[in-house]
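# Architecture and fold: a report
Below are the chains, spelled out letter by letter.
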Amino acid sequence: MPDPATVIGDAELQEETTDVLQRLIRFNTVNPPGDERPAQEFLAAHLGAAGFECELLGAEQGRPNLIARLRGSGAAGPALCYLGHVDTVLADPGEWTRDPWSGDLAEGFIWGRGALDMKSQVAAEVAAAASLARSGWRPAAGELLIVAVVDEEAGGELGARWLTCEHPEKVRCDFLINEGGGDVFEYDGRRYYTVCCAEKGVFRFSVVTHGVAGHASMPAMGDNALLKMAPVLARLGERQPAYRLTGEAQELLRGLGEDPEDPAGAIARLRGFDPLLDVMFEPMLGVTFTPTRISASEKVNVIPSRAELKIDCRVPPGMGEPEVREGIAEVLGEDGFAIEFTERVEGNRSRMATPLMDEISSWLAEREPEAQSVPIVLPGFTDSRHFREAFPDCVAYGFCPQRHQTLREVAPLVHGADERIDVRDLAFATEFFRDLALRLLG
Ligand SMILES: [Zn+2]
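A short tour of the structure in this document, coming up. (Residues numbered from 1 in each chain as written. Predicted model: local features only at pLDDT ≥ 70, side-chain atom pairs only at ≥ 80, totals over all residues. Heavy atoms only, no water.)

Looking now at the layout of surface pockets. What the largest pocket holds in volume is close to 1000 Å³. Within the residue set of the lining of the largest pocket, elements represented by two or more residues are α4 (119-134), α10 (275-281), β18 (371-378) and α14 (407-410). Sort the elements by how many residues they give to the lining of the largest pocket and α10 lands first, with three residues. Partitioned by chemical class, the residues of the lining of the largest pocket number 18 nonpolar, 12 polar and six charged. (1 Å grid on protein atoms, 1.4 Å probe; cavity = no way out; pocket = protein on both sides within 12 Å on 5 of 7 lines; lining within 4 Å. Points joined across faces, edges and corners; volume = space filled by probe spheres on them. Helix = DSSP H or I, 4+ residues; strand = E, 2+ residues; numbered from the N terminus. Nonpolar A, V, L, I, M, F, W, Y, C, P; charged D, E, K, R; others polar.)

In structure tokens form, the structure reads like this:
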């Protein structure tokens, strides 16, 4: 492996990545409508000038995906892909202290929608890759791919899903780095970096109660289906299904110095140390139920004969409807309602013991010897699922290391007001992307 500092120095790298992120933020890519083309053309020009082969491909004219490729000598080796999305969620300028599309550099932060989710990572990936290519570096074996997609915030139909379905040969890869991890947190005197190895599935269902319609002026005339939801809601407020730890969740607890055989004890200690850790990590340990919508009579003067409560249910990878049904029996019992599944998407994962994980761990060990990495199971999901589905052998992790802004500082800013990234963290991530390419591709 070449010495990274001789390829490109850290200060130069920081300048480039800051500039790329500021420009990216200034393209308004709120999805919908996304309108990502100008941002993608900017990235393609930046990577193209550095020596990458760039292609813009999309299902819609205004919303192309970018595939940028840096070929090596031709020697067989892995394809390493840095993935990111350039669309963002909306921002209400009235809630921000700065214009969400300013890209201002102030107080040591770059401000704007996407500064964390995830134009920062895209900027770090692009700046690292472009600077490597510009220096004349080429992979000794394998190749480096930069893929910037559209439409992630609305499900990825036009982005990662479209690309992996329509052009799999163009984005096929062995190792993939995406969003979902890299945040740092402190627990019991140690610092930990998350590496996202798995994502939960979505098994949404409705709880339906039945009764008999009647005139609402006489409460006892019918049989009110809505009132039958009262005990259902009360039980949902009291508890979640029992823990069901996947291998990743066990490894997480072990990494934190906790006993995977005693998840309740581990969660109690996490809560005692920092309640936010409990909020964020407990969903990784099993099936969760969150009631989000309820509906009953269409008319205010009619006693409802049917009521429906929608539950957003998230399920660890490797589990499915049987585990959800067991959870329903545990939390709600068996009587007084019917269950209707409306969505069944299984979770996804990559193996934890891989050369990619080894490189992440050894890079961290060099940069911050007192810290360690731990695997996490994302309660939500990212575009990694499309790549894992299309390429079953692909090892995909979420990892964009941040050492100054911690998980507890970052969490409320993602999709929130005043989203911003510490410029030192942006530089730290860029160095990681530079170093990882050098380590894996030579
Ligand atoms: Zn994102």
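With that out of the way, let us pick up helix α12 (residues 355-367). Between its terminal C-alpha atoms α12 stretches 18 Å, which fits the 18 Å expected from 13 residues at 1.5 Å a residue. Taken as a whole, α12 has its buried residues at Leu356, Met357, Glu359, Ile360, Trp363 and Leu364. All buried residues of α12 fall inside an arc of 160 degrees around its axis, so they share one side. What points out from α12, more than 90 degrees from its buried face, is the exposed set Asp358 and Glu366. Next to the buried residues of α12 lie β7 (175-178), β9 (190-199), β18, β19 (395-398) and α15 (423-441). (Expected span 1.5 Å × (residues − 1). Buried < 20%, exposed > 50% of the residue type's maximum accessible area, 1.4 Å probe, protein only. Arc of directions from axis to C-beta. Contact = heavy atoms within 4.5 Å.)

The next point concerns the sheet that holds strand β5 (residues 109-111). Spatial strand order, β4-β5-β20: three strands in an open sheet with antiparallel pairing. Every interior strand has two partners, whereas the edge strands, β4 (105-106) and β20 (420-422), have only one. Inspection of the sheet shows β5 paired to β20 by three bridges, in the antiparallel sense. Paired with Ile110 across the strands is Ile421, a residue of β20. Across the sheet, helix α2 (residues 10-26) is in contact with β4, β5 and β20; its angle to β5 comes to roughly 20 degrees. (Pairing = 2+ DSSP bridges. Axes fitted to C-alpha atoms, helices over the stretch in contact; angles between N-to-C directions.)

Across the interface, α12 lies against α15 with an axial gap of 11 Å and an inter-helix angle of 130 degrees. One element, α12, and the other, α15, form an angle in the oblique class. As for the relative orientation of α12 and α15, their crossing is right-handed in sense. Taking contact as the criterion, the partners of Leu356, Glu359, Ile360, Ser362, Trp363, Glu366 and Arg367 in α12 are, on α15, Phe428, Glu431, Phe432, Asp435, Leu436, Arg439 and Leu440. When grouped by side-chain class, the residues that make up the contact of α12 with α15 number seven nonpolar, one polar and six charged. (Parallel < 35°, antiparallel > 145°, perpendicular 65-115°, else oblique. Left-handed = near helix turned anticlockwise from the far one by under 90°.)

Below, the discussion takes up the nonpolar core. Formed by 64 residues in total, the largest nonpolar core has its most connected members in Leu43 and Leu144. Here the element with the most residues in this core is α15; it accounts for 11 residues. Residue contacts for Leu144: discarding those within four places in its chain leaves Phe52, Ala68, Arg69, Leu70, Leu80, Tyr82, Ala129, Trp137, Pro139, Ala437 and Leu441. Tyr192, Cys196, Leu253 and Ala266 belong to the second-largest nonpolar core, a separate cluster that totals 22 residues. (Core = buried A, V, L, I, M, F, W, Y, C linked by side-chain atoms within 4.5 Å.)

Time to look at the packing of aromatic side chains. Counted by the stated rule, this structure contains 13 aromatic pairs. Here Phe185 and Tyr192 contribute two aromatic rings whose centre-to-centre distance is 5.5 Å and whose plane-to-plane angle is 25 degrees, an arrangement assigned as stacked. No difference in accessibility class separates Phe185 from Tyr192, as the two residues are buried. Between Trp363 and Phe428 the ring centres are 5.1 Å apart and the planes differ by 45 degrees, which places this aromatic pair in the tilted class. Here Phe428 lies in helix α15 and Trp363 lies in helix α12, a separation of 65 residues in the sequence. Of the residues examined, Trp363 reaches a relative accessible area of 1% and is grouped as buried. Taken together through their ring pairs, the aromatic side chains of Tyr82, Tyr193, Trp363, Phe399, Phe428, Phe432 and Phe433 make up a single cluster. When the ring centre of Trp111 is taken as origin, the NZ or CZ atom of Arg98, which lies over that ring, is 5.2 Å away. A cation over an aromatic ring shows up here: Arg420 above the ring of Phe109, its NZ or CZ 5.2 Å from the ring centre. (Phe/Tyr/Trp six-rings, centres within 6.5 Å; stacked < 30°, edge-to-face > 60°. Lys NZ or Arg CZ within 6 Å of the ring centre and 35° of its normal.)

In the first shell of the zinc ion, the protein supplies His85 (NE2), Asp117 (OD), Glu179 (OE) and Glu179 (OE), at 1.9 to 2.7 Å from the metal. Given four donor atoms and angles of 51 to 149 degrees at the metal, the environment of the zinc ion is assigned as irregular. As a motif over one chain, the donors of the zinc ion read H-x31-D-x61-E. Separated by 62 residues along the polypeptide, Asp117 in the loop between β5 and α4 and Glu179 in the loop between β7 and β8 (184-187) bring together distant segments of the chain. With respect to class, Asp117 is no different from Glu179; both count as buried. (Donors = N, O, S within 2.8 Å, 3.2 Å for Na, K, Ca; no water. Tetrahedral: all angles 85-135°; square planar, octahedral: opposite > 155°, others 65-115°.)

The next point concerns the environment of Gly442. Relative to the assigned elements, Gly442 resides in the segment after α15. Overall, Gly442 belongs to the partly exposed group, its relative accessible area being 29%.

Right, let's talk about the pattern of salt bridges for a bit. With the rule as written, the count across this model stands at 37 salt bridges. A salt bridge links Arg63 to Asp151; the nearest nitrogen and oxygen atoms lie 3.4 Å apart. Within this pair, whereas Arg63 is found in the loop between β1 (53-57) and β2 (65-71), its partner Asp151 is found in the loop between β6 (143-149) and α5 (160-166), the two being separated by 88 residues in sequence. Like Arg63, the residue Asp151 is buried in the burial classification. Here Arg204 makes a salt bridge to Asp312, at a shortest N to O gap of 2.6 Å. Here Asp312 lies in strand β15 (residues 306-315) and Arg204 lies in the loop between β10 (201-202) and β11 (205-210), a separation of 108 residues in the sequence. Since its relative accessible area comes to 16%, Asp312 is described here as buried. Via salt bridges that share partners, Arg204, Asp312, Arg314 and Glu343 belong to a single interconnected network. (Salt bridge = Lys/Arg side-chain N within 4 Å of Asp/Glu carboxyl O.)

Any functional reading would require information beyond the geometric quantities listed.
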